Amino acid sequence: MKDWQEGIGAELREILFTREAIQAKVLEMGEEIVRDYAERRVLMVGILNGCFPFMADLVRSMNTYLDVDFMSVSSYGGGTQSSGVVRILKDLNENITGRDVLLVEDIIDSGLTASYLLDNLNTRHPASVEICALLDKREARVEEVPVKYVGFDCPNEFVVGYGLDFQGLYRNLPHIGVLKKEVYTDP
Ligand code: PRP
């Protein structure tokens, strides 16, 4: 396989979080979650598409009984900024009444998606709902949202990799970095 310095990896201006740093952090997060939930059987809910590498690594760092489910949402408007009005493209398979739910996100940006999801899931009477995000872009926050587990604080930059995309691309990078400006601006 081509080295990540070549190919799509070469389109990054800078690597913010290496594969090794991410793996170490995810392990730590998984262990913390297992400790916190102790004997409770947590339902891990991944928010597609961005969550998939994080979710896969996170649950594999949790040596406990757990369930997984997924939701797919899209914000109305189609711009690069989320509008806060969220359309559910795929809902949960599981009934969450009385369950301990942990939402798994790659990134919390404006907070609008997570805030909508919290409200939506709370109407279903779960025992608890918490949020776990690998990246927290606090500077971009529009809506305050309680994020219980955070991997890394993320600068207010255009980040891709490890699930995060630009126009569908770069999700498969094993690290997270800042995209070169010329990739997303017209010449
Ligand atoms: C990303 C991310 C969150 C949301 C965060 O998803 O996975 O769901 O944006 O942004 P917010 O805090 O400003 O609402 P996106 O809509 O890009 O879809 P994707 O997961 O398929 O990439």
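Preceding this section is the structure that the text describes.
Nothing here was measured: the structure is a model prediction, and the numbers come from that model.

So, about the sheet that holds strand E4 (residues 86–90). Strand order in the open sheet made by the six strands is E4-E3-E2-E5-E6-E7, with mixed pairing throughout. Of all strands in the sheet, those with a lone pairing partner are E4 and strand E7 (149–153), marking the two edges. Each neighbouring strand pair of the sheet contributes to a mean axis angle of 30°, computed without reference to strand direction. Where strand E5 (residues 100–108) and strand E6 (residues 128–136) come together, eight bridges link them in parallel fashion. Bridge pairing in E6 places Ile-107 opposite Leu-135. Packing of helix H1 (residues 19–37) onto the sheet brings it into contact with strand E2 (42–48), E5, E6 and E7, and relative to E7 it is tilted by some 160°.

Time to look at the pattern of salt bridges. By the definition in use, this model includes 14 salt bridges. The closest approach of N and O atoms between Asp-69 and Lys-90, which form a salt bridge, is 3.9 Å. Residue Asp-69 is located in strand E3 (residues 66–75), and its partner Lys-90 is located in strand E4; the two are separated by 21 residues in the primary sequence. When its relative accessible area of 29% is taken as the criterion, Lys-90 is described as partly exposed. Among the ionic pairs, Arg-138 bridges to Asp-136, the shortest N-O distance being 4.0 Å. You can call Asp-136 buried: its relative accessible area is 5%.

Procedures and definitions
- Residues numbered from 1 in each chain as written.
- Predicted model: local features only at pLDDT ≥ 70, side-chain atom pairs only at ≥ 80, totals over all residues.
- Heavy atoms only, no water.
- Pairing = 2+ DSSP bridges.
- Helix = DSSP H or I, 4+ residues; strand = E, 2+ residues; numbered from the N terminus.
- Axes fitted to C-alpha atoms, helices over the stretch in contact; angles between N-to-C directions.
- Contact = heavy atoms within 4.5 Å.
- Salt bridge = Lys/Arg side-chain N within 4 Å of Asp/Glu carboxyl O.
- Buried < 20%, exposed > 50% of the residue type's maximum accessible area, 1.4 Å probe, protein only.

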